[in-house]
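Examining the three-dimensional arrangement
Spelled out from the first residue to the last, the chains are:
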Amino acid sequence: MQQSVGITATYCSCISTTSIWSPSLRKLTPRRRFNSTIVLLHSIRNSKAKKWLIDKKSVVVASKMGGDEGKSSDSEERFGEMIFESILEERVFRFDCSADDRNAAFPSISFQNPKVRDTPLANVDEVPTYIPTFECSLGQQIVNIEFRPNTSFYGTGEVSGQLERTGKRIFTWNTDAWGYGSGTTSLYQSHPWVLVVLPNGEALGVLADTTRRCEIDLRKESNIKFVSSSAYPVITFGPFASPTDVLVSFSRAVGTVFMPPMWSLGYHQCRWSYDSDSRVREIARTFREKGIPCDVIWMDIDYMDGFRCFTFDQERFPDPKSLVDDLHKNGFKAIWMLDPGIKHEEGYFVYDSGSEKDIWVQNADGKPFVGDVWPGPCVFPDFTQSSARSWWSNLVKDFISNGVDGIWNDMNEPAVFKTLTKTMPESNIHRGDSELGGIQNHSHYHNVYGMLMARSTYEGMKQANGQKRPFVLTRAGFVGSQRYAATWTGDNLSTWEHLHMSISMVVQLGLSGQPLCGPDIGGFAGNATPKLFGRWMGVGSLFPFCRGHSETNTIDHEPWSFGEECEEVCRLALRRRYRLLHHVYTLFYMAHTRGIPVATPTFFADPKDLELRTHENSFLLGPVLVYASTGRNHELYKVQHKLPKGIWLGFDFEDTHPDLPALYLQGGSIIPISPLYQSVDEIKHTDDLSLLVALNELGKAEGVLFEDDGDGYEYTRGRYLLTTYIAERESSMITVKVLRSEGSKKRPNRKLHVQILLGKCATIDAWGVDGEILQIAMPSDSEVLDLVTAGEKQLRIRIESAKSIPDMENISGHKGTELSRTPIELKSGEWALKIVPWIGGRIISMQHIPSGTQWLHSRVDVDGYEEYSGMEYRSAGCSEEYSVVERDLQQAGETESVQLECDIGGGLVLERQLYISKNETKVFRIDSGIVAREVGAGSGGFSRLVCLRVNPKFNLMHPTQSYISFTAIDGSKHEIWPESSEQVFEGDLRPCGEWMLIDKSLGLALVNRFSITQVHKCVIGWGTGSVNMELRSENRPVSRDSPLKLSHLYEVIRIK
């Protein structure tokens, strides 16, 4: 039986065509010619409907608001291989669903030069190795690209969770995600980009060039799936010989990172908030007194007058210029926050000038949109308009005169309080420039709002002082944001999980084109412990962007705040950073000029090593391998370190410590080592230069050093010095010399200190003059062995004598923790249940006593009845340990019940109560909820996006005789049999409060009843001998006053 799905919508750009695609657009592959006629599906089987065909409300209207390019044509499904053409350079291809779709695509905002994406290369006749396939229907474009088995996926921008992304799914929708977890699917930035590493170590990149909400689905092994509003092109880069080659090619499309001023690569100290200029001076003074290097102090939102941007509180910050002058005298820079929300207040000069120029984002009715943020009711600049960007840039230009060294753009997703979506309505109107896409609703420009704000801020700083490089930090971003701003990983948590995730998050952003990034060291939300803070500073001090930051109402999180042991670890860690500062600066010059990444996963040293591809507690800074301890009980020097193949020689600065990462230098490398500075202001070009040398198997090594003024743009006019040093061993002599140099900057007259690494931190030291040939006599093999043995002994002594940070974790448990290791039996009336609190609070047995049937398909550690808290499969709540809060045994006919709860991070708790009432012995009920216990004020009292998912897996005792039956809200009747694929029912196609699993052979049905006001989607997924009948709440943030609740019950009935 066939049943059509009735949907009314405006369709856009996936357009059917009967014209022949031109050879310049459709390069026919030698394997197969694809006929120009598009295959149409004339009907859809209800039982096999794709999830995006079921919900009438899910149809996206994507027609272009300002022109005819996006005219609708057909409502039928189309599919096939995408057409392609070469762009940019060799091995870079643009793919579209058709020639008409190509013409209908919006301009690129990710490409530095949008015309490059739209201009095919002349006289190039390449055929791509991988050709995507597409499906188009109902305004949606689905793209799939299949790769060889054992292919690995990375990138996808700012994402939490594991490094290798196979099995993950995210949605690009910039979201204020305070307290996010490892399974959160939308964070602050959007990068619809995947770095693909093939089994042989070759790599390619895939970009879905759309600004709209995009699903990136990597759950199927070796397959990339994009789902977004049509039409959008897909760009592939490669395959190339290595992942680095892919990123270099990618950077030629989307642009490289801006060249940061050298001071911005020092340590930054921040807090929400240092509440007065006297407190700021106290913080700066303490850094210098304690000999802890630092370059920047940050001012959060409380410096403003009533949170009004471009103002200063006259009581707490009465003279910002004087404050900044004092900071500058002590080697500090000052960075100040600017948010996009402008207080809706006549008489406030920013509001008045913006209103006069008519530059606010508008409601659908054409009036300025007003939404609550920190100042209260706010309007928002429409950064898609050049007039708004110019207006903002001029405000920034004037603001810089207060001595502002850098600007921090926060809340620019844009975040809006007192709304469940945490942002402005998607129906809002942006009157964008034609080259950006013209007049569109907010759903089109949402993901680039923060990037365009950062661009405006960057341009304003550049206008203020063309002799200084701007420094902008942005929370929200998109592909290409690196051209204007650095970024950080948002409002993370003071937990070991977030420490561990920080490495993967930093390198993922780097693999997505944004190398200047780092986390809030120590965690933003919550109170770090001494050991957690010290370990985090140890690894965080070596991230490209290095900043400590913490939330209001938390304990102090400065490096000296956790006792003398932690303070010493922080001092050693930050001194390491400053010793490596010239190396990091050189890496950024290479990133800026060539697109070479700064921090990369360890497997970049050997892309063919499949085991290294999932290694998450180490990373590379060029040829330096940073091997960290990111687990509370992980002792770094008590485990074998997994290193890439080849020579890797350990080194330190006589600072090896059990709470600091181990450092290795790759054989064949030379890196510069700086003297010890307290700030970049202390650097002099005549300072002694040290080179650390690790010879390879052939006795050779090479490395580069970039030097310029550390700020400004003279380097673009040739005033710099780029030196390539080489070392080579011949017989018993090592020669170190300059191989070549570039730039007009004169080589300083300075001493040269060369250290030849031998292993186990042992070295041979020699001195010379920079620019002259230095020859070093190599000791005999026996002498080398003695040196290495002595070095190993010294290393062991340093480790054993170091004062480790005490472990002061709070290990107190919740009420009832003593029961958490005991399986719980709940037995009353017709039901006998078994619950395992310590693994996800899962129900592992659900026996119906009268019929003797076992309905759950489960093991102790997997399947059965599960609940979790996000769109991501098996997200928080699924496998964590639950506490037994209350256990009531049936006495004298009272209710039998158990109440569990689980901390799912970000101040949220997943609560669950199971009970069998004396008055309803045939049913058992489950009341579940996600409640906010301690959600930070930084998110306006709202949590990250969460979705309560009830996911039981039931046995099919007679698979060929079992099916699911229900009547939908719209009155349609459904029978879903096991041969069906996964199906999602939402809107009026949801069951009308009840669905049942029927076993015709037994004549029984398991009935599941629920409230349709609480259930947003119902999902059916068939397995071998099993079926999931999942209930999902809506996907939204929660607050103390707006928890997510989902109550339902089960009953077994007899059927005819």
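The coordinates are above.
Residues numbered from 1 in each chain as written. Predicted model: local features only at pLDDT ≥ 70, side-chain atom pairs only at ≥ 80, totals over all residues. Heavy atoms only, no water.

**Focus: the pairing of strand β49 (residues 896–905)**
Stated formally: When accessible area is computed with a 1.4 Å probe and restricted to protein chains, residues below 20% of their type maximum are described as buried, those above 50% as exposed, and intermediate ones as partly exposed. Numbering of helices and strands runs from the N terminus, with a helix taken as a DSSP run of H or I at least four residues long and a strand as a DSSP run of E at least two residues long. If DSSP finds at least two bridges between two strands, the strands pair.
Most of β49 is tucked away, with seven of its 10 residues classed as buried. Bridge count for β49 against strand β50 (residues 908–916) is nine bridges, and the pairing is antiparallel. What sits directly across from Q899, in β50, is Q913. Linking β49 to β50, which pair antiparallel, is a turn of two residues; within it G906 sits at a positive phi near 65°.

**Regarding the side chain of N144**
We apply this condition: Definition of a polar contact: a pair of N or O atoms within 3.5 Å, with one able to donate and the other able to accept a hydrogen when the atoms are protein atoms, and with sequence-neighbouring residues admitted only if both atoms are side-chain atoms. We call two residues in contact whenever any of their non-hydrogen atoms come within 4.5 Å of each other.
Its location among the elements puts N144 in strand β6 (residues 140–146). Residue N144 is classed as buried on the basis of its relative accessible area of 19%. Only 2.9 Å separates the side chain of N144 from the side chain of N223, close enough to count as a polar contact. Setting aside residues up to four positions removed in sequence, N144 forms contacts with P132, T133, N223, I224 and K225.

**Some details on the sheet that holds strand β32 (residues 624–627)**
Quick note on the threshold: Only the stretch in contact is used when fitting a helix axis, every axis being a line fitted to C-alpha atoms; angles between N-to-C directions are given from 0 to 180 degrees.
Strands sit in the order β30-β31-β32-β34-β33 across an open sheet of five strands; the sheet is antiparallel. The outermost strands of the open sheet, each flanked by one partner alone, are β30 (599–601) and β33 (648–651). Each strand of the sheet is rotated relative to its neighbour by a mean of 35°, with strand direction disregarded. Relative to β32, strand β31 (residues 618–621) runs antiparallel, the two sharing four bridges. Paired with F619 across the strands is V626, a residue of β32.

**Description of the packing of aromatic side chains**
Rules: Working definition: a ring pair exists when centres of Phe, Tyr or Trp rings (six-membered ring for Trp) sit within 6.5 Å. Plane angles under 30 degrees give stacked, over 60 give edge-to-face, the rest tilted. A ring has a charge above it when a Lys NZ or an Arg CZ is no more than 6 Å from the ring centre and no more than 35 degrees off the ring normal.
Within the structure shown, the criterion is met by 55 aromatic pairs. Considering the side-chain rings of F924 and Y1050, the 5.4 Å spacing of their centres and the 35° angle between planes classify their relative orientation as tilted. Linking F924 in strand β51 (residues 923–932) with Y1050 in strand β60 (residues 1044–1054), this pair joins segments that are 126 residues apart in sequence. Y1050 shares its class with F924; the two are buried. Ring-pair connections join several aromatic residues into one group, and the members of that group are Y303, F310, F312, F317, W336, Y351, W360, F383, W391, W392, F399 and Y449. Over the ring of W298 we find R547, and its NZ or CZ is 4.7 Å from the ring centre. When the ring centre of W488 is taken as reference, the NZ or CZ atom of R547 above it lies at 5.0 Å.

**Description of the packing of helix α11 (residues 496–510) against helix α12 (residues 530–540)**
To keep things clear, this is the line we draw: We call two directions roughly parallel when the angle between them is under 35 degrees, roughly antiparallel when it is over 145, roughly perpendicular when it lies between 65 and 115, and oblique otherwise. Residue polarity follows a fixed list, in which Ala, Val, Leu, Ile, Met, Phe, Trp, Tyr, Cys and Pro are nonpolar, Asp, Glu, Lys and Arg are charged, and the others, Gly among them, are polar.
It is the contact of α11 with α12, at a shortest axis distance of 10 Å, that shows an interaxial angle of 5°. When the interaxial angle is binned, α11 and α12 end up roughly parallel. On the side of α11, the interface is formed by W496, H498, L499, S502 and I503, while α12 contributes K531, L532, R535, W536 and V539. Class assignment for the residues of the contact of α11 with α12 results in six nonpolar, two polar and two charged.

**Here we look at the nonpolar core**
Put simply, the test is: We define the nonpolar core as a collection of buried residues of types Ala, Val, Leu, Ile, Met, Phe, Trp, Tyr and Cys that are connected through side-chain atoms lying within 4.5 Å of one another.
The biggest cluster of nonpolar side chains holds 235 residues, and the ones touching the most others in it are F237, Y303, W336, F471, F619, F954 and I964. In terms of residues, this core owes the most to one element, helix α14 (residues 581–594), which gives eight residues. Apart from residues no more than four positions distant in its own chain, Y303 is found in contact with T311, F312, D313, F317, W336, M337, L338 and F399.

**Section: the pattern of salt bridges**
Note the threshold: Counted as salt bridges are all cases of a side-chain nitrogen of Lys or Arg within 4 Å of a carboxyl oxygen of Asp or Glu.
Summed over the entire model, instances satisfying the criterion amount to 62 salt bridges. Each member of the salt-bridge network shares a partner with another, and the members are R94, D96, R117, D118 and D209.

**A short note on the environment of V350**
Considering the arrangement of structural elements, one finds V350 in helix α7 (residues 349–357). Setting aside its immediate chain neighbours within four residues, V350 contacts C309, F310, I342, W360, W391 and L395.

**Digging into the environment of L204**
Tracing the chain through its elements places L204 in strand β11 (residues 203–208). We classify L204 as buried; its relative accessible area is 2%. Excluding anything up to four places from it in sequence, L204 contacts Y130, F147, V194, L195, V196, L198, F237, G238, P239 and V246.

**Observations concerning the pairing of strand β2 (residues 77–81)**
Two faces belong to every sheet, and in a regular strand the side chains alternate between them. Of all the five residues making up β2, four are buried; the element is thus mostly covered by neighbouring parts of the structure. Pairing analysis gives four bridges linking β2 to strand β5 (residues 133–137), with the strands arranged antiparallel. Note that in β5 the partner of F79 across the bridge is E135.

**Side note on empty space enclosed by the protein**
Applicable threshold: Put simply, the grid is 1 Å and covers the protein atoms alone, a cavity is a trapped set of points that fit a 1.4 Å probe, a pocket is an open set with protein on both sides within 12 Å along at least five of seven lines, and lining residues have an atom within 4 Å of a point. Grid points are joined across faces, edges and corners, and a volume is the space filled by probe spheres set on the points.
Scanning all chains against the criterion turns up eight cavities of 30 Å³ or more. Approximately 140 Å³ is the volume found for the largest cavity. For the lining of the largest cavity, the class distribution of residues is eight nonpolar, two polar and five charged.

**Digging into helix α4 (residues 243–254)**
Cut-off, in case you're wondering: To estimate how far a helix should reach, multiply one less than its number of residues by 1.5 Å.
Over its 12 residues, α4 extends 16 Å from the first C-alpha to the last, a length consistent with the 16 Å expected when each residue adds 1.5 Å. By the criterion of burial, α4 is predominantly enclosed, with nine of the 12 residues buried. Within the sequence span of α4, burial applies to P243, V246, L247, V248, S249, F250, S251, A253 and V254. Contacts from the buried residues of α4 go to β4 (92–96), β10 (193–197), β11, β14 (234–240) and α14. Residue G255 follows α4 closely and has a positive phi angle near 95°.

**Overview of unusual backbone geometry**
With an omega of -5°, the peptide bond between W272 and S273 qualifies as cis. Assignment of secondary structure puts S273 in the loop between β15 (267–269) and α5 (277–290). The peptide bond linking E413 to P414 adopts the cis configuration, its omega dihedral lying at 5°. Within the secondary structure, P414 sits in the loop between β21 (406–409) and β22 (429–431). With a phi angle near 70°, N150 is a residue other than glycine that sits in the positive phi range. One can find N150 in the loop between β6 and β7 (152–155). Taking relative accessible area as the criterion, N150 reaches 45% and is therefore assigned partly exposed.

Honestly, that's just the spatial picture; any functional story needs more than this.
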